[in-house]
Each structure stands twice: as structure tokens, then as C-alpha cells.
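# Structural features, examined
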Amino acid sequence: MSTNNNEVLDALDGGLEALSGESPLQAHEVLAYLQTHPEFFNEHIDSLAQLPLPMQKDGNVISMANWQTHVLRDKMDQSKARLEQLLVQASHNQKNHEKLFNLVSKWLSVRAAHALPTMIADDLREQFALDAVQVMVWDERNKVMFYPSVDAWSDNVVVFANSLRTPYCGACKGFEIEESLAKQSPTGKIGSLSIIPLWGKREVNGAARFECLGVLLLGADDATRFTPDMGTHFLQHIGEMAGSALARLQAPVGSEHLTTHL
């Protein structure tokens, strides 16, 4: 069916007059009529495709069909760009998880538990391009610092670690445990860091007990590397895996009475 533009406008005017009886028509009245009469578009499809519509950006006039095509193409381009971004992120996440899987396999195969803290720190620094990494492992019940063995016991550090249910990410806040990270950095300071609690099962009087074994500190010179709004799911996985491996550490590193539980 084909009609001219005047017939389309007459039909639209007639329908709206029945609704309002007023002139000139208001925009909401036009929209209300079209919403309650969807058949209007099918009955006048040819003429609607020829109606001139101004483009807001450059002032050119195009038909409704071309305008719809332009809108759909713009949405398609946005969806394509979003999909490409998601694919890149998915590939990046997969590579990171493969790295972590390989590292965990390596950590769990190590029989000498006293070698684990240094190995974990070195592996994470190398595989994830970090400027500083520090592992701290302790026995809260006996107030013993397993690693680093040169560090004195600190209730503040242990209480803070136990309060974390998810990794802290953001700028340095003057935390006591930040000092060791700054010493590792080439610049002598850290722009951002992540503090990851290490949770794992440790044998206590013949029974397995789930507890906070320590913390994992990741530092970067870049202030945007770790931010409060970033996702922490992957960091949490690192903490869980490292905690499981470090749960075997049962005495201060360097102790002659070091024991391991495999």
C-alpha cells in the first residue's frame, strides 16, 4: 500500500483530534496515539520511510528509513566494540588463570615448606610484573612470626589481616606492613598496593582449623595498578591458593625444628 505524505499526516491528525480535540498537537499526544495504534506504522510503512527527518549533528535531512538504519548501525558498532573489549578481557583473564594454575601446581609440589614464602613472592613478582611482593606468615595462637622470621610480632598487623574478608586495593594509607614493600621498589615508594589475607587450614591438636595464616602484599609504582573499584575475584583466588600452600609452614623459617605436613 502506498500513500503520499499528506495522507499520512491527515490520518495522524484525525486520530489525535479524537483524543484531544485541541490544536496545536503536543508531543506527548502524538506519542500516546502511536503507542495505542501500532497498526499505523504497518498501514503507512511506505510513506513513513519517505518522511524527511533532520539530523541534529550536521543539519542534513534524511528519510526515516535512513535514520533508522543510522541508529541501528550506531548501536551495532557500539555492541561490536563492547564485544571486542569483552573478548580481549576474557583472553587476558584466561592467561592469568593459566599462570596461577601453573604456579599453584609448582607450590604444592614443593616438599620443603620453608622455601615457599620466598618462592611465592618471586613467582608472583615475575609472572604478574609487580614492583614489590611481600609474604607474611604467622601462628596467631602462639604469636609466632613464621616468615619473615626477622620481623617481630605485631598485633596490629594480625588484627588488620583478620578483618579483611576481601583484598584491600588502593593507595598506600600508612599501614605498618607497607614499609617492606617500599624497600623493594626501585623508587623507594609504592603508588598503589593490594593486601590479600591468606586463609587456609592448619592442623591444631589433630584437627584441621580454618584461619588467617598471614597476608600477601602486592605493590606497584603505578598509582592506578590497584584501585578501590577494581574487581578482587582473581586476587582472592591468589590468596586462597597461596594460603593453602603456606598452611604447611609450621615453624619460623630458619628454625632447626621446621616441620612440614604433606
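Residues numbered from 1 in each chain as written. Predicted model: local features only at pLDDT ≥ 70, side-chain atom pairs only at ≥ 80, totals over all residues. Heavy atoms only, no water.

## Thoughts on the environment of Ala242
Residue placement: Ala242 occurs in helix α9 (residues 233-246). Linking Ala242 and Trp199, residues 43 residues apart in sequence, is a C-alpha distance of 8.5 Å. Excluding residues that lie within four positions of it along the chain, Ala242 makes contacts with Trp107, Ile120 and Leu198. (Helix = DSSP H or I, 4+ residues; strand = E, 2+ residues; numbered from the N terminus. Contact = heavy atoms within 4.5 Å.)

## Section: the side chain of Asn96
Mapped onto the elements, Asn96 comes out in helix α5 (residues 64-109). By relative accessible area, which is 12% here, Asn96 ends up buried. Other than its neighbours up to four places away in sequence, Asn96 contacts Phe128 and Phe234. (Buried < 20%, exposed > 50% of the residue type's maximum accessible area, 1.4 Å probe, protein only.)

## A word on the nonpolar core
Counting 32 residues, the largest nonpolar core has Trp107, Leu124, Val135, Leu216 and Leu218 as the members making the most contacts within it. Broken down by element, the residue count for this core peaks at six residues, all from α9. Apart from residues no more than four positions distant in its own chain, Leu124 is found in contact with Leu103, Trp107, Ala129, Leu130, Val133, Leu216, Leu218 and Ile238. Counting 17 residues, the second-largest nonpolar core is a separate cluster that includes Trp138, Leu164, Ile195 and Leu217. (Core = buried A, V, L, I, M, F, W, Y, C linked by side-chain atoms within 4.5 Å.)

## Description of the pairing of strand β3 (residues 132-139)
Of all eight residues making up β3, eight are buried, and the element is well covered by its neighbours. Of the two faces of β3, the one carrying Ala132, Gln134, Met136 and Trp138 and the one carrying Val133, Val135, Val137 and Asp139 are both buried. The sheet contact formed by β3 and strand β4 (residues 144-147) spans three bridges and is antiparallel. Within β4, the position partnered with Trp138 by the bridge is Met145. The antiparallel hairpin formed by β3 and β4 contains four residues in its connecting segment, where Lys143 sits at a positive phi of about 55 degrees. (Pairing = 2+ DSSP bridges.)

## Quick word on the packing of aromatic side chains
With the rule as written, the count across this model stands at three aromatic pairs. Consider the rings of Phe128 and Phe234, whose centres lie 5.8 Å apart with planes at 65 degrees: the pair is edge-to-face. Linking Phe128 in the loop between α6 (116-127) and β3 with Phe234 in helix α9, this pair joins segments that are 106 residues apart in sequence. Ring geometry for Trp199 against Phe210: centres 5.9 Å apart, planes inclined by 15 degrees, an arrangement best described as stacked. On the criterion of sequence distance, the pair formed by Trp199 in strand β6 (residues 192-204) and Phe210 in strand β7 (residues 207-220) is long-range, its members being 11 residues apart. A relative accessible area of 54% places Phe210 in the exposed class. (Phe/Tyr/Trp six-rings, centres within 6.5 Å; stacked < 30°, edge-to-face > 60°.)

## Some points on the pattern of salt bridges
As enumerated under the stated definition, the model contains five salt bridges in all. The partner of Lys106 in a salt bridge is Asp123, and the shortest N-O contact between them spans 3.1 Å. On the criterion of sequence distance, the pair formed by Lys106 in helix α5 and Asp123 in helix α6 is long-range, its members being 17 residues apart. On the basis of relative accessible area, Asp123 is assigned to the buried category, the value being 9%. Across the salt bridge formed by Asp155 and Lys143, the nearest N and O atoms sit 3.7 Å from each other. (Salt bridge = Lys/Arg side-chain N within 4 Å of Asp/Glu carboxyl O.)

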